[in-house]
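Letter by letter, the chains look like this.
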Amino acid sequence: MHELGIASSILETVIKEAERHPEGRITKVRVRVGELSGVDVEALQFGFECIVKETEWEGLVLEVESIPRVQKCPKCWKEFRMADFDPQCPQCGEFVTECISGDELNIAYMEVDE
Amino acid sequence: MSRVEVEKKVLNENQMVAEQLRKRYRQSGLLCINLISAPGSGKTLLLEKTLERIDKSVRVAVLTGDLQTENDAQRLAKFGFPVKQIVTGGTCHLDARMVEKHLVDWNLDELDLLIVENVGNLVCPSSYDLGEDAKIVLLSTTEGEDKPLKYPSIFFKSELMVLTKIDLLPYVPFKADVAKENARRVHPRMEILEVSSTTGEGLDVWMNWLEARRKTKQTVR
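Residues numbered from 1 in each chain as written. Chains lettered and ligands numbered in written order. Predicted model: local features only at pLDDT ≥ 70, side-chain atom pairs only at ≥ 80, totals over all residues.

Trainee: What am I meant to see in the overall build of chain A here?
Mentor: Assigned secondary structure in chain A consists of two helices and six strands. When the helices and strands of chain A are placed in sequence order, the string is α-β-α-β-β-β-β-β. Since a compact globule built from 114 residues should have a radius of gyration of about 13 Å, the 18 Å found for chain A marks it as more spread out than a globular shape. Judged by the C-alpha coordinates and their principal axes, chain A covers about 55 × 30 × 15 Å. Looking at chain A as a whole, 27% of its 114 residues are labelled buried. At a minimum sequence separation of 6, the contacts of chain A that also span at least 24 residues come to 69%. (Helix = DSSP H or I, 4+ residues; strand = E, 2+ residues; numbered from the N terminus. Rg over C-alpha atoms; globule rule 2.2 N^0.38 Å. Buried ≥ 20, exposed ≤ 12 C-beta atoms within 10 Å, placed from the backbone. Contact = placed C-beta atoms within 7 Å.)

Quick look at the structure:
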């Protein structure tokens, strides 16, 4: 439901970045969306298409990299991809492990045609 | 073609405002909590019971968010604490800018506790940092036990889960143990409290949690 606002924030960042590259044209923006970020990728793509449509930004590609949830065990330091909401360490069996990635909602980079 | 590394948060603007708010709260020794749940889980009733029971020496203020109406602010104003309604006009969550805007008339140095009641929604509020010290998620016994698994983001980001309407447990199929286990699968370190705002069961524990959290905040000032 809030993906349209998030799409707008992405476009705003692109517009700001474009001011720094007056000679070029930004053709792609890549964002990293963690599975815990609360953002639906399809809704984000749809929202983004809607806001660039019939503007000078039509055709700008939004590329989404989905980031899985990764846990780290505080006992044996094993890092593992958390599947099916099972936080238990597969190596030593510790139940309380720490999330080290998966809640990202970041703009990674943009591609500029010079 | 060249690549420009950006590596910043999509909600960078919101994040900056949230960090400013967090800094102001810290300087004032004020605890800010952000209450989040689905519509109808009992946020406003829990707030009413909290304001009714809280030590009158604690200076509390409340911001309550809804898409429309001032109903909640009216419900909460009768306890004599300052209350402001944030009408989002359709937006499904509160953002840091809305909070900042509604704080302008209050001197934060004269407050000890700021309670923000978010818009009833388990999805969107999870993406917006409001500068709060703790997000608190409510889950009621008339919902599904699998909600933590269906909406992991908010359960992951909340420090505490308050299981509400526990007076209804004998009448509903809801299994509290399963709900708690699901919450801890998403967030192993999550604290969990059980309350009934109707019978008062568990409210003392909730009030103690709040008071302990508030005292910690004042000492780290």
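Trainee: Sorry if this is basic, but what is going on with the interface of chain A and chain B here?
Mentor: Note on interface size: it is often stated as the accessible area lost on association of the parts. Listed per partner, the contact involves 30 residues of chain A and 27 residues of chain B. Residue assignment for the side of chain A that touches chain B shows that the elements contributing at least two residues are helix 1 (3-19) and strand 6 (105-113) of chain A. With nine residues, the single largest contributor to the side of chain A that touches chain B is strand 6 of chain A. Counted by class, the side of chain A that touches chain B contains 17 nonpolar, seven polar and six charged residues. (Nonpolar A, V, L, I, M, F, W, Y, C, P; charged D, E, K, R; others polar.)

Trainee: I tried to follow the sheet that holds strand 1 (residues 25-34) of chain A on my own but got confused; where do I start?
Mentor: Backbone-to-backbone hydrogen bonds pair the strands of a sheet. The strands run either parallel or antiparallel. Pairing in this open sheet of four strands is mixed, and the strands run 2(A)-1(A)-6(A)-1(B) from one edge to the other. Both outer strands of the open sheet, strand 2 (61-67) of chain A together with strand 1 (2-9) of chain B, are each paired with one neighbouring strand and no more. For this sheet, the mean angle separating the axes of adjacent strands, direction not counted, is 20 degrees. On top of the sheet, helix 2 (residues 41-52) of chain A reaches strand 1 and strand 2 of chain A; it is set at about 165 degrees to strand 2 of chain A, its chief contact. (Pairing = 2+ DSSP bridges. Axes fitted to C-alpha atoms, helices over the stretch in contact; angles between N-to-C directions.)

Trainee: Any chance you could explain helix 2 of chain A here in plain terms?
Mentor: One turn of an α-helix holds 3.6 residues; hence residues three or four places apart share an orientation. Residues and elements named next belong to chain A. Look at helix 2: 17 Å from first C-alpha to last across 12 residues, which is about the 16 Å you get at 1.5 Å a residue. Taken as a whole, helix 2 has its buried residues at Leu44, Gly47 and Phe48. The buried residues of helix 2 all sit within an arc of 100 degrees when viewed along its axis, so they share a single face. Summarising the geometry of helix 2, the exposed residues directed more than 90 degrees from the buried face are Glu42 and Cys50. Buried-residue contacts for helix 2 involve helix 1 and strand 2. (Expected span 1.5 Å × (residues − 1). Arc of directions from axis to C-beta.)

Trainee: Is there a simple way to explain the environment of B:Val178 in this structure?
Mentor: Residues and elements named next belong to chain B. By the element assignment, valine 178 lies in helix 7 (residues 176-186). By the C-beta count within 10 Å, which is 13 here, valine 178 ends up partly exposed. Spatially, the C-alpha atoms of valine 178 and glycine 89 are 36 Å apart, while their sequence positions differ by 89 residues.

Trainee: Mind showing me how you'd approach the packing of helix 1 of chain A against helix 2 of chain A here?
Mentor: For any two helices packed against each other, the geometry comes down to the angle between their axes and how far apart the axes lie. All names here are of chain A. Following both chains from N to C, one finds helix 1 and helix 2 inclined at 55 degrees, their axes separated by 8 Å at the closest point. Taken together, helix 1 and helix 2 sit at an angle that is classed as oblique. Between helix 1 and helix 2 the crossing geometry is right-handed. The residues of helix 2 that touch helix 1, namely those facing Glu3, Leu4, Ile6, Ala7, Ser8, Ile10 and Leu11, are Ala43, Leu44, Gly47, Phe48, Ile51 and Val52. Its residues assigned to classes, the contact of helix 1 with helix 2 shows 10 nonpolar, two polar and one charged. (Parallel < 35°, antiparallel > 145°, perpendicular 65-115°, else oblique. Left-handed = near helix turned anticlockwise from the far one by under 90°.)

Trainee: What is the right way to look at the confidence of the model for chain B in this model?
Mentor: Should pLDDT be low for a region, the predicted coordinates there are not to be read in detail. Mean pLDDT over chain B stands at 94; residues scoring 70 or higher make up 99%. Interface predicted TM-score (ipTM) for the complex: 0.81; the corresponding pTM is 0.90. (pLDDT = per-residue confidence, 0-100.)

Trainee: What is the right way to read unusual backbone geometry from this model?
Mentor: Working note: non-glycine residues mostly have negative phi, and peptide bonds are mostly trans. In this structure, A:Trp77 takes a positive phi of about 65 degrees despite not being glycine. Within the fold, A:Trp77 resides in the loop between strand 3 (70-72) and strand 4 (79-81). Classification of A:Trp77 by C-beta neighbours within 10 Å gives exposed; the count is 10. Positioned with a positive phi, B:Lys165 is a non-glycine residue whose angle comes to about 60 degrees. Mapping B:Lys165 onto the fold places it in the loop between strand 7 (160-164) and helix 7. In this structure B:Lys165 comes out as buried when scored by C-beta crowding, with 24 C-beta atoms within 10 Å.

Trainee: I'm lost on helix 7 of chain B in this one. Help?
Mentor: Residue and element names in this part refer to chain B. Among the residues of helix 7, Ala179, Asn182, Ala183, Arg185 and Val186 are the ones counted as buried. Seen along its axis, helix 7 keeps its buried residues to an arc of 160 degrees; they face one direction. Exposed residues on helix 7 whose side chains face more than 90 degrees from its buried face are Asp177 and Glu181. Those residues of helix 7 hidden inside the fold are in contact with strand 6 (134-140), helix 5 (147-150), helix 6 (152-157), strand 7 and strand 8 (191-194).

Trainee: Any chance you could explain the nonpolar core here in plain terms?
Mentor: Soluble, globular proteins show a tendency: their nonpolar side chains are buried together. The biggest cluster of nonpolar side chains holds 70 residues, and the ones touching the most others in it are B:Ile115 and B:Val116. The contacts of B:Val116, once residues within four sequence positions are left out, are B:Cys32, B:Ile33, B:Asn34, B:Leu35, B:Leu63, B:Leu94, B:Val99, B:Leu130 and B:Glu132. (Core = buried A, V, L, I, M, F, W, Y, C linked by C-beta atoms within 7 Å.)

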